[in-house]
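Residue-level structure breakdown
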Amino acid sequence: MRIAQAEVVVTCPGRNFVTLKITTEDGVTGLGDATLNGRELAVAAYLSEHVAPVLVGRDASRIEDTWQYLFQGAYWRRGPVTMTAIAAVDTALWDIKGKVAGLPVYQLLGGACRDGVTVYGHANGDDVDELLEQVARFRDLGYRAVRVQVAVPGIEHSYGVSRDKLFYEPADAASPTQATWSTQRYLSFVPNAIGRVREEFGPELRLLHDVHHRLTPIEAARLGKALEPYGLTWLEDPVPADLQEGFRLLRQHTTVPIAVGEVFSSIWDCHQLIREQLIDYIRTTVVHAGGISHLRRIFDLAALHHVRSGSHGATDLSPVAMAAALHVDLSIPNFGLQEYMRHTDETDAVFPHTYRFEEGCLHPGEAPGLGVELDLEAAARYPYRAAQLPTNRLEDGTVHPW
Ligand code: EZ4
Ligand code: CO
């Protein structure tokens with residue numbers, strides 16, 4: 001089963017997606033998401049210039065061998081561009097293997113460990129009242145877990161707050177939006193806001209909050225302690241996660257569960273966090289952490305250390321990545337929670353899929369492979385549009401993590 005063709009498709013049905021489509025000599029096709037928000041064309045070029053030519057003629061059934069060939073063969077290991085490109089190839093080859101076997105990918109990974117994949121949605125508001133309305137909306141849609149974000153008075157372009165309440169896309173302009181940050185304003189406002197959500201909705205609804213890498217460990221410890229009475233499922237990305245040992249300080253001060261990893265591209269970015277049990281949820285995802293094969297390796301390490309999965313699932317992950325994540329989520333013993341942000345109708349039409357939402361859970365469906373197709377005619381109607389993620393500055397003009 002040789003690979004005959006590997007094509008890169010860039011489309012923008014509301015936001016940019018890069019997709020790798022691999023076709024075998026006998027006409028079986030597989031899809032892999034290769035979208036790296038704000039840096040899409042770098043991965044597209046990596047794939048079409050450097051990867052597609054060496055894929056043609058290779059045995060499509062050799063997934064692990066191809067992964068190792070691309071990882072070790074590049075010499076320049078790791079990094080988000082390389083790992084996203086490898087992820088796309090790996091995911092597409094799992095899709096092909098499933099179609100050839102006539103089985104959904106989760107069956108190839110060992111079969112279902114649960115009935116469905118519990119997901120969380122994003123509720124956000126310009127103020128606490130609007131946030132409460134939005135949490136109620138998600139609850140009424142059937143969600144059992146909700147991420148809560150609120151605009152902080154005095155902070156322009158607060159993270160996580162969007163005009164369209166079902167779709168959040170921060171990469172909105174060809175040149176980056178300038179956001180501002182004040183730790184003081186944030187820390188004095190957010191704990192009470194989350195407290196009001198807990199008070200209004202009672203103890204059962206699972207609540208999460210994303211700090212988006214903006215605090216130092218001791219500031220994050222203060223926030224964690226302030227949030228302890230409200231029983232968060234997790235506090236996400238409390239600090240920039242480059243310094244894995246930096247989490248020790250935070251861990252010594254608070255019992256708030258910590259979730260980290262959406263920007264990680266390999267097991268090497270999180271092995272210390274996992275081995276030292278410095279986190280509770282690892283949020284690496286199929287598309288940015290080397291595909292299904294590598295993600296499963298990370299989650300297996302996590303399982304040994306009481307760390308559960310919590311894969312990133314923002315709108316910049318295409319339906320192909322979403323489906324792949326669901327097959328992994330369904331089949332691993334240490335699944336925690338899956339982020340789920342709905343895509344626009346245009347995106348769903350470009351990527352028809354079998355996964356479905358029901359009573360707070362997603363299920364990948366029973367179609368062979370991933371259960372996602374790419375409608376090339378529909379994709380061609382939406383040409384690439386340059387869009388970058390925002391940048392952030394303190395009130396005195398200093399660059400700060402966004
Ligand atoms: O800002 O995916 O948890 N979700 C997130 C996302 C990220 C975007 C960046 O591309 O933090 O909304
Ligand atoms: Co996040």
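Residues numbered from 1 in each chain as written. Chains lettered and ligands numbered in written order. Predicted model: local features only at pLDDT ≥ 70, side-chain atom pairs only at ≥ 80, totals over all residues. Heavy atoms only, no water.

**Side note on the side chain of Arg198**
- Examined against the element boundaries, Arg198 turns out to sit in helix H6 (residues 183-201).
- The side chain of Arg198 is buried and forms no salt bridge, while Glu204, the nearest opposite charge, is found at 9.2 Å.
- For Arg198, the contacting residues outside a window of four places in its chain are Pro203, Glu204, Leu205, Leu207, Tyr230 and Gly231. (Helix = DSSP H or I, 4+ residues; strand = E, 2+ residues; numbered from the N terminus. Buried < 20%, exposed > 50% of the residue type's maximum accessible area, 1.4 Å probe, protein only. Lys, Arg positive; Asp, Glu negative; His and termini not counted. Salt bridge = Lys/Arg side-chain N within 4 Å of Asp/Glu carboxyl O. Contact = heavy atoms within 4.5 Å.)

**Some details on the coordination of the cobalt ion (ligand 2)**
- Protein ligation of the cobalt ion (ligand 2) involves Asp210 (OD), Glu236 (OE) and Glu262 (OE), the donor distances falling in the range 2.0 to 2.1 Å.
- Counting along the primary sequence, the residues that act as donors to the cobalt ion (ligand 2) give the motif D-x25-E-x25-E. Pair noted here: Asp210 is in strand E7 (residues 206-210) and Glu236 is in strand E8 (residues 234-236), with a separation of 26 residues, a long-range link. Residue Asp210 shares its accessibility class with Glu236, and that shared class is buried. (Donors = N, O, S within 2.8 Å, 3.2 Å for Na, K, Ca; no water.)

**Side note on the domain arrangement of the protein**
- Considered domain by domain, the protein is made up of domain 1 (3-104) and domain 2 (108-366).
- Contacts between the two partners involve 31 residues from domain 1, matched on the other side by 33 residues from domain 2.
- Taken together, both faces of the contact between domain 1 and domain 2 bury some 2,500 Å²; the carbon and sulfur share is 63%.
- On inspection of domain 1 and its partner domain 2, the count reaches three salt bridges.
- There are 11 residue pairs in polar contact (both at pLDDT 80 or more) connecting domain 1 and domain 2.
- Contributing elements (two or more residues each) for the side of domain 1 that touches domain 2: strand E2 (17-24), strand E3 (29-33), helix H2 (63-73) and helix H3 (80-101).
- No other element matches H3, which puts 11 residues into the side of domain 1 that touches domain 2.
- A per-class count over the side of domain 1 that touches domain 2 returns 15 nonpolar, 10 polar and six charged. (Domains from an automatic or database assignment. Buried area = accessible area lost by both parts, 1.4 Å probe. Polar contact = N/O pair within 3.5 Å; in protein donor to acceptor, adjacent residues only side chain to side chain. Nonpolar A, V, L, I, M, F, W, Y, C, P; charged D, E, K, R; others polar.)

**Details of the pattern of salt bridges**
- Under the defined criterion, the tally for this structure stands at 18 salt bridges.
- Here Asp129 and Arg196 are joined by a salt bridge, their closest N and O atoms 3.2 Å apart. Residue Asp129 is located in helix H5 (residues 128-141), and its partner Arg196 is located in helix H6; the two are separated by 67 residues in the primary sequence.
- Each of Glu236, Glu262, Arg283 and Glu339 takes part in salt bridges that share partners, so that together they form one network.

**Looking at the environment of Arg114**
- When you line up the elements, Arg114 lands in the loop between helix H4 (105-108) and strand E4 (117-125).
- Remark: the alpha-carbon pair of Arg114 and Ile332, spanning 218 residues in sequence, is separated by 9.0 Å.
- Non-local contacts of Arg114, meaning those with residues more than four positions away in its chain, are made with Asp329, Leu330, Ser331, Ile332, Pro333 and Phe335.
- At a separation of 2.7 Å, a polar atom in the side chain of Arg114 contacts the main-chain carbonyl oxygen of Asp329.
- A distance of 2.9 Å separates a polar side-chain atom of Arg114 from the backbone oxygen of Ile332.

**Notes on the sheet that holds E3**
- Pairing in this open sheet of three strands is antiparallel, and the strands run E1-E2-E3 from one edge to the other. Each having just a single partner strand, strand E1 (3-11) and E3 make up the two edges of the open sheet. Neighbour-to-neighbour, the strand axes of this sheet turn through a mean angle of 20 degrees, independent of strand direction.
- Two strands pair when backbone bridges link them, and E2 and E3 are joined in this way by five bridges, in the antiparallel orientation. Bridge pairing in E3 links Ile22 to Gly30. (Pairing = 2+ DSSP bridges. Axes fitted to C-alpha atoms, helices over the stretch in contact; angles between N-to-C directions.)

**What about the site of ligand 1?**
- Near ligand 1 you find 15 residues, and of these Tyr159, His212, Glu236, Glu262 and Asp316 are the closest.
- Within the side chain of His212, a nitrogen or oxygen atom sits 2.8 Å from an oxygen atom of ligand 1.
- With respect to ligand 1, the side chain of Glu236 contributes an N or O atom lying 2.8 Å from an oxygen atom.
- Here ligand 1 loses 94% of its free accessible area of 330 Å² to cover by the protein chains.
- Looking at the shell around ligand 1, its residues break down into five nonpolar, three polar and seven charged. (Near = heavy atom within 4 Å. Areas by Shrake-Rupley, 256 points an atom, 1.4 Å probe, with all protein chains shown as cover.)

**Section: the packing of aromatic side chains**
- In this structure the tally under the stated criterion is 11 aromatic pairs.
- The interplanar angle of 35 degrees and the centroid separation of 4.7 Å between the aromatic rings of Tyr143 and Phe357 together place this pair among those described as tilted. Remark: Phe357 occurs in strand E13 (residues 356-358) and Tyr143 occurs in the loop between H5 and strand E5 (145-150); sequence separation between them is 214 residues.
- Tyr143 gets classed as buried once you look at its relative accessible area, which sits at 3%.
- When the ring of Trp234 is compared with that of Tyr281, the centres are 4.8 Å apart and the planes differ by 55 degrees; the resulting orientation is tilted. Taken together, the residues span a long stretch of sequence, with Trp234 in strand E8 and Tyr281 in strand E10 (residues 281-282) at a distance of 47 residues.
- Trp234 sits in the buried class, given a relative accessible area of 0%.
- Here the aromatic residues Phe138, Tyr143, Tyr340 and Phe357 are joined through ring pairs into a cluster of three or more. (Phe/Tyr/Trp six-rings, centres within 6.5 Å; stacked < 30°, edge-to-face > 60°.)

**Considering the pairing of strand E15 (residues 391-394)**
- Sheet analysis places strand E6 (residues 178-181) next to E15, joined by four bridges and oriented parallel. Paired with Trp181 across the two strands is Leu394, which belongs to E15.
- As paired elements, E15 and strand E16 (residues 399-400) share two bridges and run antiparallel to each other. Bridging across to E16, Arg393 finds its partner in Val399.

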